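Structural overview for review
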Number of protein chains: 2
Amino acid sequence: MSSYADRLAALRAQLAADRLDGFVVPLTDEHMSEYVGSYAQRLQWLTGFEGSAGSAVVLPEEAAIFVDGRYTLQVRSQVSADHWSYQSVPETSIADWLKEHAADGARIGYDPWLHSRDWVKKATEALAAKGAELVAVRRNPIDAVWDDRPAASVAKLIVHPEKLAGQSGADKRQKIAEWLGKQDADAAVLAALDSIAWTFNVRGADVSHTPVALAYALVNSDGTADLFVAGEKVDAEVRQHLGNGVRVHERAEFENALAELKGKRVAVDPERSVAAIFDALDKAGATIVPVRDPTVLPRAIKNEVEIAGQRSAQARDGAAIARFLKWIGEEAPKGGLDELKASDHLEALRRESGMLKDLSFDTISGSGPNGAIVHYRASEATNRPLEMNSIYLVDSGGQYADGTTDITRTVAIGTPSDEMRDRFTRVLKGHIAIATARFPKGTRGSQLDSFARRPLWDAGLDYAHGTGHGVGSFLSVHEGPQRISPVGSSQSGGDEPLAAGMILSNEPGYYKAGEYGIRIENLVLVVEREIKGAEKEMLGFETLTFAPIDRRLIDRNLLSDSEIAWLDSYHADVVEKVGPGLAPEDRAWIEAACAPL
Amino acid sequence: MSSYADRLAALRAQLAADRLDGFVVPLTDEHMSEYVGSYAQRLQWLTGFEGSAGSAVVLPEEAAIFVDGRYTLQVRSQVSADHWSYQSVPETSIADWLKEHAADGARIGYDPWLHSRDWVKKATEALAAKGAELVAVRRNPIDAVWDDRPAASVAKLIVHPEKLAGQSGADKRQKIAEWLGKQDADAAVLAALDSIAWTFNVRGADVSHTPVALAYALVNSDGTADLFVAGEKVDAEVRQHLGNGVRVHERAEFENALAELKGKRVAVDPERSVAAIFDALDKAGATIVPVRDPTVLPRAIKNEVEIAGQRSAQARDGAAIARFLKWIGEEAPKGGLDELKASDHLEALRRESGMLKDLSFDTISGSGPNGAIVHYRASEATNRPLEMNSIYLVDSGGQYADGTTDITRTVAIGTPSDEMRDRFTRVLKGHIAIATARFPKGTRGSQLDSFARRPLWDAGLDYAHGTGHGVGSFLSVHEGPQRISPVGSSQSGGDEPLAAGMILSNEPGYYKAGEYGIRIENLVLVVEREIKGAEKEMLGFETLTFAPIDRRLIDRNLLSDSEIAWLDSYHADVVEKVGPGLAPEDRAWIEAACAPL
């Protein structure tokens, strides 16, 4: 394996050969995915950076890597300062940096299949100020020098049956066709992988932890569709499931298909489609209707079948979590447990159900100070023992055919300090404030976010992440468009009105760098709330996740009577929902763990 | 006085003479003011509409008036449906409506001194879709047919002395000059009237209730300035106060002065400057630096002298309010009081201090159902008696040389119903939630807004306005940029980070249409908060307004212990701050009104 210095040198040589004075390397793939297949992990190959968000720019003499506040420490440990300068976004944008550092009149390359049209527009304007030019490449120069680049996945599609999806693919296409009629458009481009999986009721395995397949689709105003996916992935069962209304083409044919849309009005989502798609439609002479992907809201708003599936998945997942928490409570004080052993055991317990398709993300198993790293991933190098008188944080989830789960529990090993109990109780108060919120229809997630922070703010504390993200149905564990987070934060979605049927996480936290981390995360469902005398149509949350919250970490004096009542009622529900799936000794444990405060 | 039908006909004849196929009539003036002088009240002259926000479009055969939800009822009572169609914003924009209703290829006129550049751009694009054109007029066609149009005010400028402003005009100009250096700009255009009054430490009387003068200014990078204002308004004292660093020109010379800025880099605020200013600078060959008016933040962040002045004004104003509330409590049950008598008496009490310069806005004096009209203004036609067993709402404020006040109290006449007490107590809980909030530096007003709504949301209720607006120092009672309101609401400012020294209102409410209205409004100052063990720099609010909150409207059972403690402590402060300014019998009343709950 070549060194990172060698890789950078090879890329620079390739840029020179391609007559480019620089190149921009984002983290995403041709579908603007958050998690990308190994074939597309160009940023990591070039720099060594393993975070989930970042980008880089390479110039002949300089190179810079751009990450947000979550990755300030990680980038310094993974990427060599000998060759790379570290830049913080949003303080310094790539466009700003290029304006400072690119040579006058420089030609800076970018891969139009990896950037939004909006990004291209802004970067072009910024470079124009110095007479420099942003140049779309036909072939990504990294691919040209990446010798051992993994092949794209060949994982087969599987059918996601109507008994789990709650609606047939034909019905979904018909709804999109009706929507196209209202937009006065002939076809919709679907480029986001979860949009495609949802629309066709199929799942794939091309991206780790997210059951999607690399594909594009066009849905037409007559209700038929063209699906662009590697033919070898589509077996006879899937073809039959797709039916006559879906024409299957090779994924590589997508660009050619766009070229044939001359004179058509085509709906394309600027947030979910790369610049190359817009370029191809412009070139073809199609009229672009820039509008949100029509599957985004129907996918976010779960139907009754999906909600029932989520409940089943949660009961199953909660049983694994309960057995895990019991095991931690018994084994950790004996010594010998560490973060990796713990996460391995948790995965094994989830697999025992026989229903686990995959984890929904890499488990965050953080002991003591590692719990304070929000996006921590344990490795042999960082692995810490679970020590007495410390806190252990575990954030994990499962992909089941009937639902995607995501849960965080923070537990005491030995005796927690008064400060730990104070902080944990404040996080719990924030969690309860979200769980019990009632709000009028039309309320946005951003309007609820501060409820979760107020008990921490009262003590001069806070947490540097959003309070909740959307979750898919056997799809992405981070699914938009809704989110509980302040508007203006780096994570978009806080301005989306919440609607009954949406699933979100409720996960306030507190992190003391170098000491410990706390997070309490359940999934919640947005539901209609009947309130006597109400003048508005009201919504609220129903908690979907059931697992004990560690009572040893609670300072009862900080809780109001109604907060205590919520916790006791929640714990009674945990016993009722999860208890039946447990063996007798585990059931005795959960009953004790869920005793009233 | 001509009829509205005659006025509309006259305007249409003028448009035909000017070869225009339509004309857009906004409510603002050449400074994008919220309140405008009588000379500029073109929308009201043309349509009869007296609300504070709206606009109209006149076509040869059709005319439409556009208002937001606050004015849905008012527009129907004031503007004739025979000649006007009613349109709701933001649902229907002027641009959208023109797209539907203007003839193909039509020439639609607009006055470039009354619209933002952004509005012109969007409307131009919308019209282009039908080959129609937006045409800037040289002379406003309404002015051509408005025979009895009031002359512009000739009120003299007065000095706002440094002992009240806390900083000299020369210092303020020097700070702007330093800021211009950082922007690499030669001059800043000041077009907002309160920006000019603040910068030069002068006040005027050209706009009702806001002590500003019609003027423009250019502040230059050498710290000098050019002030464009009618010469007759500037007496020798003001000239001496302005000093040698300020050149005074006629206001009418402003456009010519812009024409001389060829080659200069000029900072202009797109939100606070009309399109004509941009047009003139473009034509002159100046380079426009679009950036927020540099006085906006320093004006919003009050200095120690302004804060001390605000405290003095509040004690004085609170004494008038206390005497008023005592009077209402004694007189209303006897019968014979009505909304107009009440507001007249309140103004008289404020004037007795000898310090009142003006009201800070038209008093909202709402009895029973009129209290439910958020922007109610009593008239002979609407005037209601203050009846037994009802609620009376009064929202009022004074302009004093040392500070601008704004307070709302809601009081029971006779015996309030259980529902009224429930609603009032929920509004009070929301008010206390804002008053006691602590939050990290950088927090935006939008992040606090829901704290005020939650007690109402719990009962399925809400209010259809923001929770708080900024307030000036002997300036506008609605002063940006900060605001406590949801992002995405019709009122901007919720996304502005709060900073120590800003003054805002805290005014949740509840309105039951046709029955009663409740609002509890105090002004609050953003202050730094020391919290033991805090990990963040924290802010909070100090309440500035002191007047009794009607204990007869409170349901004690709905309040927590800490809410009761806040109210008792607040009432003790009321007695301490306001009591010393009262006569003995008034002092006895306030002590009883402020007794612990």
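Let me begin by describing the structure that accompanies this report. All residue numbers refer to position in the chain's written sequence, counted from 1. To label them, take the chains in the order written and letter them from A, then take the ligands in the order written and number them from 1. Where local features are concerned, this predicted model is filtered to residues with pLDDT of at least 70; where side-chain atom pairs are given and counted, the filter is 80 or more; whole-chain, interface and lining totals use all residues. With hydrogens and water excluded, all non-hydrogen atoms of the structure serve as input to the side-chain values.

Some remarks on the nonpolar core
Here, the term nonpolar core denotes a set of buried Ala, Val, Leu, Ile, Met, Phe, Trp, Tyr and Cys residues that are joined through side-chain atoms within 4.5 Å. Relative accessible area decides the class of each residue, using a 1.4 Å probe on protein chains only: under 20% of the type maximum gives buried, over 50% gives exposed, and in between gives partly exposed. Residues L448 and F541 of chain A together with L448 and F541 of chain B are the most contacted members of the largest nonpolar core, which totals 116 residues. Contact criterion: two residues are considered in contact whenever any of their non-hydrogen atoms come within 4.5 Å of each other. Every residue in contact with L448 of chain B, bar those within four places of it in the chain, is listed here: W457 of chain A together with I434, F439, T443, I484, L498 and F541 of chain B.

Here's the deal with the pattern of salt bridges
Oppositely charged side chains may form a pair once their charged atoms are brought near each other. Residues and elements named next belong to chain A. Salt bridge criterion: a side-chain nitrogen from Lys or Arg within 4 Å of a carboxyl oxygen from Asp or Glu. On inspection of all chains with the given rule, the structure shows 72 salt bridges over all chains. Between R42 and D143 there is a salt bridge, with its nearest N and O atoms 2.7 Å apart. Of this pair, R42 sits in helix α2 (residues 42-47) while D143 is found in helix α6 (residues 141-145), placing the two residues 101 residues apart along the sequence. Taking the relative accessible area as the measure of exposure, R42 reaches 4% and is therefore buried. On the basis of relative accessible area, D143 is assigned to the partly exposed category, the value being 21%. Of the charged contacts, one joins R519 and D395 as a salt bridge, the two residues approaching to 2.7 Å between their closest N and O atoms. Highlighted residues: R519 in strand β26 (residues 516-519) and D395 in strand β17 (residues 390-396), separated in sequence by 124 residues. The same class applies to R519 as to D395, namely buried. Among the ionic contacts, a cluster of salt bridges with common partners joins R323, K326, E330, E352 and D586. Secondary structure counts use DSSP, requiring at least four H or I residues in a row for a helix and at least two E residues in a row for a strand, with both numbered from the N terminus.

Examining the pairing of strand β27 (residues 522-529) of chain B
All names here are of chain B. Burial runs high along β27: 6 of the 8 residues are buried. Note on pairing: two strands pair once DSSP finds at least 2 bridges between them. Bridge count for strand β24 (residues 503-506) against β27 is 4 bridges, and the pairing is antiparallel. When the sheet's bridge partners are listed, S505 is paired in β27 with L523. Relative to strand β28 (residues 538-543), β27 runs antiparallel, the two being bridged by 6 bridges. Each bridged residue has a counterpart across the sheet, and for V526 the counterpart in β28 is F541.

Focus on the interface of chain B and chain A
Contacts between chain B and chain A engage 31 residues on the former and 31 residues on the latter. Across the chain B/chain A interface, buried area totals approximately 2500 Å², and carbon plus sulfur atoms make up 52% of it. For the interface between chain B and chain A, the tally reads 0 salt bridges. The definition of a polar contact used here is a pair of N or O atoms within 3.5 Å, where within protein one atom must be able to donate a hydrogen and the other to accept one, and adjacent residues in sequence count solely through side-chain atom pairs. Taken together, the connections running from chain B to chain A amount to 14 residue pairs in polar contact (both at pLDDT 80 or more). For the side of chain B that touches chain A, the secondary-structure elements that each account for two or more residues are α16 (418-435), β21 (438-440) and α17 (449-457) of chain B. Residue contributions to the side of chain B that touches chain A peak at 4 residues, all from α17 of chain B. The quantity reported as buried area is the accessible area (1.4 Å probe) lost by two parts once they are put together, taken as the sum for both.

Quick word on helix α5 (residues 117-128) of chain B
Residues and elements named next belong to chain B. A helix is expected to reach a length of 1.5 Å times the quantity of its residues less one. With 12 residues, α5 extends 16 Å from end C-alpha to end C-alpha; this agrees with the ideal 16 Å at 1.5 Å per step. Restricting attention to buried positions, one finds in α5 the residues V120, A123, A126 and L127. Buried positions in α5, seen along its axis, are confined to an arc of 135° and lie on one side of it. Summarising the geometry of α5, the exposed residues directed more than 90 degrees from the buried face are K121, K122 and E125. As for α5, its buried residues are in contact with α4 (94-101), β5 (107-110), β6 (133-136) and α12 (275-284). Within this analysis, the arc is defined by the directions that extend from the helix axis to the C-beta atoms.

Considering the packing of α16 of chain B against helix α18 (residues 561-578) of chain B
Residues and elements named next belong to chain B. Fitted lines through C-alpha atoms give the axes, limited to the stretch in contact for helices. The angle between two N-to-C directions lies from 0 to 180 degrees. Put simply, α16 and α18 touch, their axes get as near as 11 Å, and they point 80° apart. By the criterion of interaxial angle, the relationship of α16 to α18 is roughly perpendicular. In this structure, α16 contributes L428, K429, H431, I432 and A435 to the contact, and α18 contributes E563, W566 and L567. Three residue categories are used. Nonpolar comprises Ala, Val, Leu, Ile, Met, Phe, Trp, Tyr, Cys and Pro, charged comprises Asp, Glu, Lys and Arg, and polar comprises the others, including Gly. A class-by-class count of the residues in the contact of α16 with α18 yields 5 nonpolar, 1 polar and 2 charged. Each angle receives one of four descriptions, namely roughly parallel if under 35 degrees, roughly antiparallel if over 145, roughly perpendicular if within 65 to 115, and oblique otherwise.

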